Structures are given as C-alpha cells and as structure tokens.
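Topology and contacts: notes
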Amino acid sequence: MARETWATRAGFILAAAGSAVGLGNIWRFPWVTADNGGSAFLAVYLGIVLLVGVPGLLGEFVIGRRGQKSPAGALRDLSGSRAWGVWGVFYVITAIALISFYSVVGGWILRYFGESALGVVGTQPTYFAAPGQYFGSVAAGPDAFGFHLLFLALTALVVFAGVRRGIELGTKVMMPAVLVLLVGLAVWAGSRPGAAEAYAFYLAFDVATVRANFFDVLGPAAGQALFTLSLGAGTMITYASYIDEDRSLPFDATVIATLNTLVGVLAGLVVFPLLFSLGVDPSQTSPGPGALFVGLAGAFAQLPGGAVVATAFFGVVVLAALSSSISMLEIPVSFLVDEYGLGRRPAVGLVAAGVVVTGGVCAFNPTIAGTAVFGFVAGPLVDTLLTVGLVAVLLFVGWVMGRDALAELRSGAGNLSAAVATPWLLAVGVVLPTFLVFTLLTTFGVDADLGFWPTALVAVAIGAAAVAGLRTERALV
Ligand code: TRP
C-alpha cells in the first residue's frame, strides 16, 4: 500500500501549526510566564523560539522528508544502524507520556466548554458560582477520567480517518477558527478594566529585569519553547514524512513558528487582562495550572453574557487542543503502521486502548513515592524527555546525516535558505545541543549559574571552536 501524503502544501503547514498551537500556548504559556516574572520570561522565551526552535523544527523536517518514515524507521534507514532504530522507540514512549496528561487537560476543557454552552441556553454554568472549588472537585477522579475518555475518543476519530481526510481536513477547519476567535477575544479583553496593568506586566520590556533573571528563566523558557513547537517527540519528523514534494522547508518552519508565537502572544492578551480585571495579580500569587479555569471562569462569571464569551473561549481551546493531540497520537500509530505493517485503524485502536490506561493514571492523579503523578508527568518528565529527544535529533542531523541534511534542506529552498544552510548545520550539530544540555542541568538543579559574562564567554568559545573545527561541510559528515 502506498504511503499517505498531504494533499496540499497548505495542508502540511496547517497540520504542523495545528500541532504546535495548543494547550501549550493557551493553558501552559500564561501561567509559566506569570510564574517566571512576565515580560522577562517572554523575552527569553521568544529568543529561544527563534534561535533554537526554528533550527530545531528544520532538523525534524529534514529527517522526516528524507526518511519518508516515522521516527524509528527514518533514523534507522538514514543511519543504516539498528541502534538508531531502537532509539526511535524513545519517541513513541515520549508521545504516550505527552498524550496521557494532555488528554486529561483536554477533558477539563471539554467539560468547561459543555458547561458554558449550557449557560448560553439558559442554565447558569455550575462553575460560575465557586470557580476554585469547582475546579478542585473535577480536576481529578472519575469525572476527570470520563472526560479524558471523551477527548481521547475525539482525537482517535480524527487519526482514524487518516492523513488527508482526518488530520489535514480537521486542521484546515480548526486552525483558522482558532485564529479568528482569539483575535476577537483579545480585542474584547482589551476593553476590560485592568487591561493597562496587564499589558504593563506582560509586554514591558525591561533589560535590567531580563538580565537579573536570565538564568532562572532559562530552563522553563527552553522547556516551554520545545513544548509549544512540538519539538523533541518526533511529531514534526512524522508530519514531514508525509511531504512528497520539494519545497522550502525553511520557509515552512518560519511560518509555523511565527503562527505559533502569534497565537501564544494573543492568548496572553486574552488571559492577562482577564486575570487583572479580577484583581488577580499574577506576579504576586502564582496562578498555577488552574489559572485558566479558576481565574478566567471567575472573570466570565462576573460579566453579563459571560456564558457566551466562555463558550467561545473554551471552544477555541478545544479545537486547538485537538489539533495537537492528534499529532501526539499519530506518532505511535505511524510507528505501528511503518514498522509492523499494521493497518491504520487497528493501530489507532491499540494505541488508544493503551492511553485509556496511562491517561487514566493521570486522571486519578495518585501520589506515588510522594509525588503526584499528574504534575510530575506534565512538568519535569515531559520537559526532560523533550529536551533529550531533541538533542538526539540535532546530533543525528549534524553528525550522522551531515551533508545529506544540507542537501535535503536546500532541495526546494530559495537562495537565502541555501546560504544559511551551513551555519544552520553548525548550530544544529554543536551549539544547540550544548545549550540544551546546559538548560537540562539547570533544570536538575545543578548550579550552572556562572554569571552573565563568564557564560557568554564560554558560549562564544564553543561557537568559535565549532567554526574552527567544523569549517567545512565535510567535517560534519
Ligand atoms: N505543541 C502542543 C501545544 O503547545 C503540544 C504538542 C503536540 C506537543 N505535539 C507535541 C508537544 C509533540 C511536544 C511534542 O499544546
């Protein structure tokens, strides 16, 4: 059977942007930003998206389009080594970890969407009365499990329908809807009292604050950048493997990263004014994972016609979350299809059945060895898996593919992209893995805080060594 491919060029871009745009932008981004001091975090995060995210996306695209297989098969075929094929299983595991907690959060969103929609037709949404208490009572347990199943079923349905009729068609509808609704909501939020304060907290760019907090926000900023761009789990390898034409990968990567950043910033423009209008100052009290639910629900409750706005808002989030969760489910599914010749449908059934269980554990959120499972999976576990996963991808591109990666990047690319190909390979082979390992160490609490100038010096030295030692394209082959 011939391998499936995207029907249109826009199909790939929208599917990949749909994967990137998700709960990471709307649910995770505002509270991670608030936890890390607002604008200082935003600045570092945007820098990492540009300098690590875009080259990283390109790395995954190059592997995927060249390999024409899901991660395990692509890594094995391109390297000619079975060990890389075995490493590919790592991405399957990461994807399962991701979707296990993601589907639970998706379930919360579905529930709030349903509640709000009931509000539109007359009954007051239950969460309006006591938002904090309400969230506490539905976040874990049988309720959370039920909605997790519902969200997973919707996800499975799209993946079940295949690359063209499911993922491509679905994201072509979902993505534009998300953009239009978010712009509308941001304009509306701007008219709320407290908007000015919120903008000051969120958008003020203060160099002194950025420098003072640089090392503290580095780890979370890198983690958020990878998460929001869907990097490090092989999603983008898988999606790029369905491209069957020569066209500019650098162009696509730039469009996808820009769209994703736009939605993240827009989501902040919705969420922060609402929090401030409620008198919640995110720099004082950390809103945490409940921010979206407790904070916003409270704001909606105080508004005349709040149920309508709430329905629109949670509707956007459901669509954004679905276009991401399908990209997670697609990783293990394409693995079973490519490596074991399973049909798409049985593969979806098998993986979904597994995620019913693993997601169920997150939904009931038991405490194992003193750690609550949900927080551990959604936080440190996923951050670590994604960082390690991306480092491996980058090293593969730089040191195993080498010149092949350059050729793949250039194929279909314009002059500008072709000109940056060699510096890109250096960055991908040397600078970015070094940087990511460094952020990983800071995440693990290793005190790597050398201060600004010594670190800048070390960074320049590594860069110079790379340029000197790997001057020619051949050196990387
Ligand atoms: N990027 C998505 C978001 O922001 C989540 C996501 C989808 C993802 N696929 C991924 C994250 C693969 C990491 C890896 O919500």
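Every value quoted in this text rests on a predicted model; they were computed, and no experiment measured them.

What counts and how
Residues numbered from 1 in each chain as written. Predicted model: local features only at pLDDT ≥ 70, side-chain atom pairs only at ≥ 80, totals over all residues. Heavy atoms only, no water. Helix = DSSP H or I, 4+ residues; strand = E, 2+ residues; numbered from the N terminus. Rg over C-alpha atoms; globule rule 2.2 N^0.38 Å. Buried < 20%, exposed > 50% of the residue type's maximum accessible area, 1.4 Å probe, protein only. Areas by Shrake-Rupley, 256 points an atom, 1.4 Å probe, with all protein chains shown as cover. Lys, Arg positive; Asp, Glu negative; His and termini not counted. Charge placed at Lys NZ, Arg CZ, Asp CG, Glu CD. Near = heavy atom within 4 Å. Polar contact = N/O pair within 3.5 Å; in protein donor to acceptor, adjacent residues only side chain to side chain. pLDDT = per-residue confidence, 0-100. Contact = heavy atoms within 4.5 Å. Salt bridge = Lys/Arg side-chain N within 4 Å of Asp/Glu carboxyl O.

1. A look at the overall build of the protein
- From N to C terminus, the protein includes 21 helices and two strands.
- On C-alpha atoms alone, the protein measures out to a radius of gyration of 22 Å, which is about the 23 Å that the 2.2 N^0.38 rule sets for 477 residues.
- Structurally, the protein occupies a C-alpha span of about 65 × 55 × 45 Å along its principal axes.
- With 477 residues in all, the protein has 56% of them scored as buried.
- Summing over all exposed atoms, the protein offers an accessible surface of approximately 17800 Å²; the carbon and sulfur share of this is 69%.
- Measuring between centres, the 21 positive side-chain charges of the protein sit 10 Å from its 24 negative side-chain charges.

2. Examining the site of the ligand
- Around the ligand there are 17 residues in total, and Ala20, Gly24, Tyr102, Phe227 and Ser230 lie nearest to it.
- For the ligand, an oxygen atom lies 3.5 Å from a polar atom in the side chain of asparagine 25.
- Between the ligand and phenylalanine 227, the relevant distance is 2.8 Å, taken from a nitrogen atom to a main-chain nitrogen or oxygen of the residue.
- Its free accessible area being 360 Å², the ligand has 100% of it covered by the protein chains.
- At the level of secondary structure, the elements contributing two or more residues to the shell around the ligand comprise helix H1 (9-20), helix H2 (23-35), helix H6 (89-120), helix H11 (207-228) and helix H15 (306-340).

3. Here's the deal with the confidence of the model for the protein
- This prediction gives the protein a mean pLDDT of 86; 91% of its residues lie at or above 70.
- Contacts of residues 469-477 to residues separated by more than four positions or lying in other chains number 22 contacts, the stretch itself having pLDDT below 50.

4. Section: the pattern of salt bridges
- This structure, assessed with the given rule, holds 15 salt bridges.
- In this structure, aspartate 143 engages arginine 111 in a salt bridge whose closest nitrogen and oxygen atoms are separated by 3.0 Å. Residue aspartate 143 is located in helix H8 (residues 142-160), and its partner arginine 111 is located in helix H6; the two are separated by 32 residues in the primary sequence.
- The class of arginine 111 is buried, set by a relative accessible area of 13%.
- Several salt bridges converge on common partners, so that one network encompasses Arg9, Glu245, Arg247 and Asp252.

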